[in-house]
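Now for the letters of each chain:
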Amino acid sequence: MPAQSMEELVSLCKRRGFIFQGSEIYGGLQGFYDYGPLGVELKNNIKAAWWRSNVYERDDMEGLDASIIMHRMVLRHSGHEATFSDPMVDNKKNNKRYRLDHLVKDQKADVQAKVAELMGESVENFAALVAALNANPARASQVLREAGVRDAFSGEVGEWTEPKPFNMMFKTTIGPVADEDSYGYLRPETAQGIFTNFKNVVDSTSRRLPFGIAQIGKAFRNEITPRNFIFRVRELEQMEIEFFCVPGTDEDWHEHWLEKRLSWWEAQGVPRSKIEILDVPKEDLAHYSKRTYDLMYDYPTLGHEEIEGIANRSDYDLGSHTKNQAELGLVAQVEENTDSIAKLTIPHPETNKPVVPFVIEPSAGVDRAMLAVLSEAFTKETLENGNERIVLKLRPHLAPIKVAVIPLARNREEITTVAKAIKAELQGLGLGRVLYEDSGNIGKAYRRHDEVGTPYCVTVDFDTVGKGEDPALTDTVTVRDRDTLAQERVKISELGGWIQARLR
Ligand code: GAP
């Protein structure tokens, strides 16, 4: 059974070194997390699985790693300067700030119902309720007070201001200049690095439509209320594809990617039955989107929340970054861009005339993927002897440690020498991390490796080195299976192949 609560996951992540609070020794920094020794392995394995599936196993994809800090004009013409904001309200009594929709959602049911009633909306259609509050800030401020909306910090009814948009981009100065215009933005999505490099990739690879560009990297959002552990953070990582296609074929490609992405999640141990597909209502679409499917994973404690968005961005971005948009008759409804120097077009595969392609964008969060993968793998079992064990039943390709090699006696050189040689040999097979584990007794080592999801523990004992009771066991080791707990004696000479076959 997967994790029942977020607390179980948070506790495991801290205890076993997956995830720590950022800047913890100075009291922590809200919305920032550090990935520890096992977290970095799991994260890298998730990213590698994504890259393998979306870049190496396809013939219509290129990779990219663009810079994080971007020219302010990129984020102006992408529409982020004007629209990448969330509604914020302040409580004048204690100067605490809240994201409007989070504030209302966190109220008791009767208070939420009162807010909806006063606005002439329903709680069931929460998006419309938030839109109505946003559209009439003066009324919203009145309604929040009248409905008795409480401040989570003080527990009292707040003196709420009118909601106002808060832009979530992090601005940064560039170079030592005092000039007011010498600033850029930390990208709020990796996507813009792909759009701005579209022409470079086309020219350097001779790609023709349809094809995609994939990128994994950090993005930054100054969230008003970061929360729920790594679910909503200010420094996040995204795995994004911009798939460029001929206008008119975009809707078919949108369906193609929806299917592809659901099967990818399944292969990571996140089943379709736990993902709801939300066809995002028109009024909730991002400024660039023609249509978006949000994949809503059933997170413990949180319920269904977005793990990935698959958007049809039409020709909005390439159009917006293109010089002389009018000449090209673009769909993008943006002001004429006189700052750009590029014409982001590609020959139409049939007519050869320049065309601005449409874009399908599957965009998944690495941090949210970590949470979902951990949640699905988390298992509590009662063993035959009545003991309880926690085991992470991760798919082997995602396990942070593939094999732990354990010497039964850590102060017996004949045993440790063989164990170290086995570790080195297995490591050389390119399986991922193989750990030489001599930090406790065998029972504790097994428990620790169950909890971090190590698929196999290999134990080197006295029999292995010909000093046990059964000479037939010389040059063999015990291999313990994480999930079945079965123990098998395997010849050292066959161990590499035995493990490789099972980790595939
Ligand atoms: N380029 C499109 C884009 O950025 P998005 O829906 O804003 O779309 C895509 O973000 C994904 O990034 C989300 O589905 C989510 O997995 C992840 N994400 C977004 N904001 C996040 C945050 N504050 N913390 C963690 N992950 C986040």
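Note: the structure precedes this text.
Please read these numbers as outputs of a predicted model, since none were measured by experiment.

Reading the values: rules and limits
- Residues numbered from 1 in each chain as written.
- Predicted model: local features only at pLDDT ≥ 70, side-chain atom pairs only at ≥ 80, totals over all residues.
- Heavy atoms only, no water.
- Helix = DSSP H or I, 4+ residues; strand = E, 2+ residues; numbered from the N terminus.
- Buried < 20%, exposed > 50% of the residue type's maximum accessible area, 1.4 Å probe, protein only.
- Contact = heavy atoms within 4.5 Å.
- Areas by Shrake-Rupley, 256 points an atom, 1.4 Å probe, with all protein chains shown as cover.
- Lys, Arg positive; Asp, Glu negative; His and termini not counted.
- Charge placed at Lys NZ, Arg CZ, Asp CG, Glu CD.
- Pairing = 2+ DSSP bridges.
- Axes fitted to C-alpha atoms, helices over the stretch in contact; angles between N-to-C directions.
- Near = heavy atom within 4 Å.
- Polar contact = N/O pair within 3.5 Å; in protein donor to acceptor, adjacent residues only side chain to side chain.
- Nonpolar A, V, L, I, M, F, W, Y, C, P; charged D, E, K, R; others polar.
- Core = buried A, V, L, I, M, F, W, Y, C linked by side-chain atoms within 4.5 Å.
- Phe/Tyr/Trp six-rings, centres within 6.5 Å; stacked < 30°, edge-to-face > 60°.
- Salt bridge = Lys/Arg side-chain N within 4 Å of Asp/Glu carboxyl O.

Asks: Looking at this structure, how should I read the overall build of the protein?
Replies: Counting its secondary structure elements, the protein contains 17 helices and 24 strands. Along the first, second and third principal axes, the C-alpha set of the protein runs to 85 × 65 × 50 Å. Residue burial in the protein is summarised as follows: out of 504 residues, 53% are buried. Contacts spanning at least 24 positions in sequence make up 65% of the contacts within the protein whose residues lie at least 6 apart. Carbon and sulfur atoms make up 48% of the accessible area of the protein, which totals about 23,300 Å². When the 63 positive and 78 negative side-chain charges of the protein are each reduced to one mean point, those points stand 3 Å apart.

Asks: In this structure, what is going on with the sheet that holds strand β7 (residues 164–167)? I would like to understand it.
Replies: Sheet strands pair via backbone hydrogen bonds, and the direction of the pair is either parallel or antiparallel. Strand order in the open sheet formed by three strands is β6-β5-β7, and the pairing between neighbours is antiparallel. At either margin of the open sheet sits one strand with a lone partner, and together these are β6 (96–99) and β7. Put simply, the sheet's adjacent strands are angled 50° from each other on average, direction ignored. When strand β5 (residues 85–91) meets β7, the two strands line up antiparallel, connected through four bridges. When the sheet's bridge partners are listed, Met 88 is paired in β7 with Lys 164.

Asks: How should the site of the ligand be read in this particular structure?
Replies: Around the ligand, the structure places 20 residues, and the nearest of them are Glu 189, Arg 221, Glu 223, Glu 240 and Glu 306. One of the side-chain nitrogen or oxygen atoms of Glu 223 is found 2.8 Å away from a nitrogen atom of the ligand. Within the side chain of Arg 368, a nitrogen or oxygen atom sits 3.3 Å from a nitrogen atom of the ligand. For the ligand, whose free accessible area comes to 560 Å², the fraction covered by protein is 91%. Elements represented by at least two residues in the shell around the ligand include exactly β11 (235–245), β14 (303–314) and β17 (358–365). Classifying every residue of the shell around the ligand gives six nonpolar, four polar and ten charged.

Asks: What should I look at first to understand the nonpolar core in this one?
Replies: Generally speaking, soluble globular proteins have nonpolar side chains that are buried together. Within the largest apolar cluster, 60 residues are counted, with the highest numbers of intra-cluster contacts made by Phe 18, Leu 42, Ile 46, Met 239 and Trp 265. Tallying contributions element by element places helix α14 (residues 366–377) first for this core, with eight residues. Sequence-distant contacts of Met 239, that is, excluding residues within four places in its chain, are made with Ile 46, Lys 47, Trp 50, Gln 215, Ile 216, Trp 264, Pro 362, Ser 363, Ala 364, Gly 365, Val 366 and Ala 369.

Asks: Explanation requested: the packing of aromatic side chains in the structure shown.
Replies: Between two aromatic rings, the relevant description is the distance of the centres plus the angle of the planes. Enumeration over the complete set of coordinates arrives at 14 aromatic pairs. Seen in terms of ring centroids, Tyr 98 and Trp 160 are 5.8 Å apart; in terms of plane orientation they differ by 80°. Their pairing is edge-to-face. Taken together, the residues span a long stretch of sequence, with Tyr 98 in strand β6 and Trp 160 in the loop between α8 (137–146) and β7 at a distance of 62 residues. A single burial state applies to Tyr 98 and to Trp 160, both of which are buried. Ring geometry for Phe 198 against Phe 211: centres 6.2 Å apart, planes inclined by 20°, an arrangement best described as stacked. Of this pair, Phe 198 sits in helix α10 (residues 198–205) while Phe 211 sits in strand β10 (residues 211–220), and the two are 13 residues apart along the sequence.

Asks: Could you clarify how one ought to interpret the pattern of salt bridges in this entry?
Replies: Tallied over the full model, the rule gives 37 salt bridges. Its salt-bridge partner being Lys 218, residue Glu 235 comes within 2.8 Å of it at the nearest N-O pair. Here Glu 235, found in strand β11, pairs with Lys 218, found in strand β10; they are 17 residues apart in sequence, far enough to count as distant. Overall, Lys 218 belongs to the partly exposed group, its relative accessible area being 27%. Put simply, Lys 274 and Glu 376 hold a salt bridge, and the shortest N to O gap is 2.5 Å. Taken together, the residues Lys 274 in the loop between α11 (250–267) and β12 (275–279) and Glu 376 in helix α14 connect sequence positions 102 residues apart. By relative accessible area, Glu 376 is classed as buried at 17%. Overlapping salt bridges bring together Asp 86, Arg 99, Asp 101, Glu 223 and Arg 232 as one network.

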